[in-house]
Amino acid sequence: MGSKERREREREQRKNQILDVARELLLEKGLQATSINQIAKRSELSVGAFYFYYKSKEELYVALQQEGLDLLHGMTTAAIRRKRTPRAKIRGIAQAYLTFAEEHRSYFDIINFFLNSSSEVFFSEQLKEQVDEHGNRIVDILANVIADGIRSGDFRPVPAKRYALILWATIHGVTQFRKLRHTILRGEDLHTIYTDAVEFFIDAIGTAGAGQETTPDT
């Protein structure tokens, strides 16, 4: 390995270390209570060295959100690749989101943190657009699946993008109920509720008698 390749690898390793530290501090303290000094100190860097990798704290947290959204995008793309029908693809996308929420909790919690906060207070319009662009790619996958289902006659002629947003809002909301497993959800199974919500959505936009799979959803 040449010196240039080695320096690039070390730079990526250091950036990943900073991202890990930033993720920990955000979940511990929140965005406003986390400073660049704290991030640099826990990363064993000087403040000056931090700015070599990121221009600001806001840019760092945008990178963290994009990283999580890119991971979710890859999982979503893989989910529909293995499915044949529009209904099966919607189920696959929903399952990918649930898996992401459960197996990549730190990324999910970061995304959720900013969804539940006034991110416009923290980020410039340009940085916010960068995050939204990554999120829109995922919504567009679902909207395209719904549009394909409309063309094939499996789904009613509904506004595809709007209904994609409705489903994302629904499944994201259901995942939040995991926090209530010892109270409101006592005696209920979150996965069953999640599956029911997805099936209700599919039935709501489905045409009568269409899409009743007689073979496994592969």
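Here's what I pulled together on the structure shown here.

The subject of this paragraph is the overall build of the chain. Looking only at helices and strands, one finds 10 helices and 0 strands in the chain. Listing the helices and strands of the chain from first to last along the sequence gives α-α-α-α-α-α-α-α-α-α. Taken over the C-alpha atoms alone, the chain extends approximately 65 × 50 × 35 Å along its principal axes. By the burial criterion, 42% of the 218 residues in the chain qualify as buried. Considering only contacts within the chain whose residues lie at least 6 apart along the sequence, 70% involve residues at least 24 apart. By element, 51% of the accessible surface of the chain is carried by carbon and sulfur atoms, the whole surface being about 12100 Å².

A few words on the pattern of salt bridges. This model, assessed by the stated rule, comprises 8 salt bridges. Between Arg-42 and Glu-24 there is a salt bridge, with its nearest N and O atoms 3.6 Å apart. Placement of the pair is Arg-42 in helix H2 (residues 36-42) and Glu-24 in helix H1 (residues 3-29), with a sequence separation of 18 residues. Of the residues examined, Arg-42 reaches a relative accessible area of 37% and is grouped as partly exposed. Its relative accessible area of 41% is what places Glu-24 among the partly exposed residues. As a salt-bridge pair, Asp-140 and Lys-161 come within 3.7 Å of each other at their nearest N and O atoms. Placement of Asp-140 in helix H8 (residues 125-152) and of Lys-161 in helix H9 (residues 160-175) is noted, with a sequence separation of 21 residues between them. One continuous salt-bridge network, built from bridges that share partners, spans Asp-20, Arg-23 and Glu-67.

The full count for this structure, using the stated rule, is 7 aromatic pairs. Ring centres of Phe-52 and Tyr-53 lie 5.1 Å apart, and the angle between their planes is 85°; on these two criteria the pair is classed as edge-to-face. Feature note: the residues Tyr-97, Phe-100, Phe-108 and Trp-168 constitute an aromatic cluster, connected by ring pairs.

Okay, the nonpolar core next. One recurring pattern in soluble globular proteins: nonpolar side chains tend to sit buried together. In terms of nonpolar packing, the biggest core is built from 62 residues, with Ile-39, Ile-90 and Ile-146 touching the most fellow members. It is H8 that contributes the most residues to this core, 10 residues altogether. Residues within four places of Ile-39 in sequence aside, it is in contact with Ile-18, Val-21, Ala-22, Leu-25, Thr-34, Phe-50, Lys-57, Leu-60 and Tyr-61.

Here we take up the layout of surface pockets. By volume, the largest pocket amounts to about 580 Å³. Surrounding the largest pocket, 23 residues form its lining, Leu-69, Ile-111, Leu-115, Gly-135 and Val-139 being those nearest its centre. Contributing elements (two or more residues each) for the lining of the largest pocket: helix H4 (57-81), helix H5 (86-103), helix H6 (105-115), H8 and H9. Looking at the lining of the largest pocket, the element that brings in the most residues is H8, giving 7 residues. When grouped by side-chain class, the residues that make up the lining of the largest pocket number 15 nonpolar, 6 polar and 2 charged.

Backbone geometry follows two general trends: most residues other than glycine have a negative phi, and most peptide bonds adopt the trans configuration. With a phi close to 60°, Glu-44 is a non-glycine residue in the positive phi region. On the secondary structure map, Glu-44 appears in the loop between H2 and helix H3 (47-53).

What follows concerns H9. For H9, with 16 residues, the first-to-last C-alpha span of 23 Å sits near the 22 Å given by 1.5 Å per residue. Taken residue by residue, H9 has Ala-160, Ala-164, Leu-167, Trp-168, Ile-171, His-172, Val-174 and Thr-175 as its buried positions. End-on, the buried residues of H9 take up no more than an arc of 160°, which puts them together on one face. Facing away from the buried side of H9 by over 90 degrees, the exposed positions are Arg-162 and Ala-169.

Here Asn-112 lies in helix H6. Taking relative accessible area as the criterion, Asn-112 reaches 6% and is therefore assigned buried. Separated by 3.1 Å, the side chains of Asn-112 and Gln-176 make a polar contact. Excluding residues within four positions of it along the chain, Asn-112 makes contact with His-172, Gln-176 and Lys-179.

Analysis parameters
Residues numbered from 1 in each chain as written. Predicted model: local features only at pLDDT ≥ 70, side-chain atom pairs only at ≥ 80, totals over all residues. Heavy atoms only, no water. Helix = DSSP H or I, 4+ residues; strand = E, 2+ residues; numbered from the N terminus. Buried < 20%, exposed > 50% of the residue type's maximum accessible area, 1.4 Å probe, protein only. Contact = heavy atoms within 4.5 Å. Areas by Shrake-Rupley, 256 points an atom, 1.4 Å probe, with all protein chains shown as cover. Salt bridge = Lys/Arg side-chain N within 4 Å of Asp/Glu carboxyl O. Phe/Tyr/Trp six-rings, centres within 6.5 Å; stacked < 30°, edge-to-face > 60°. Core = buried A, V, L, I, M, F, W, Y, C linked by side-chain atoms within 4.5 Å. 1 Å grid on protein atoms, 1.4 Å probe; cavity = no way out; pocket = protein on both sides within 12 Å on 5 of 7 lines; lining within 4 Å. Points joined across faces, edges and corners; volume = space filled by probe spheres on them. Nonpolar A, V, L, I, M, F, W, Y, C, P; charged D, E, K, R; others polar. Expected span 1.5 Å × (residues − 1). Arc of directions from axis to C-beta. Polar contact = N/O pair within 3.5 Å; in protein donor to acceptor, adjacent residues only side chain to side chain.

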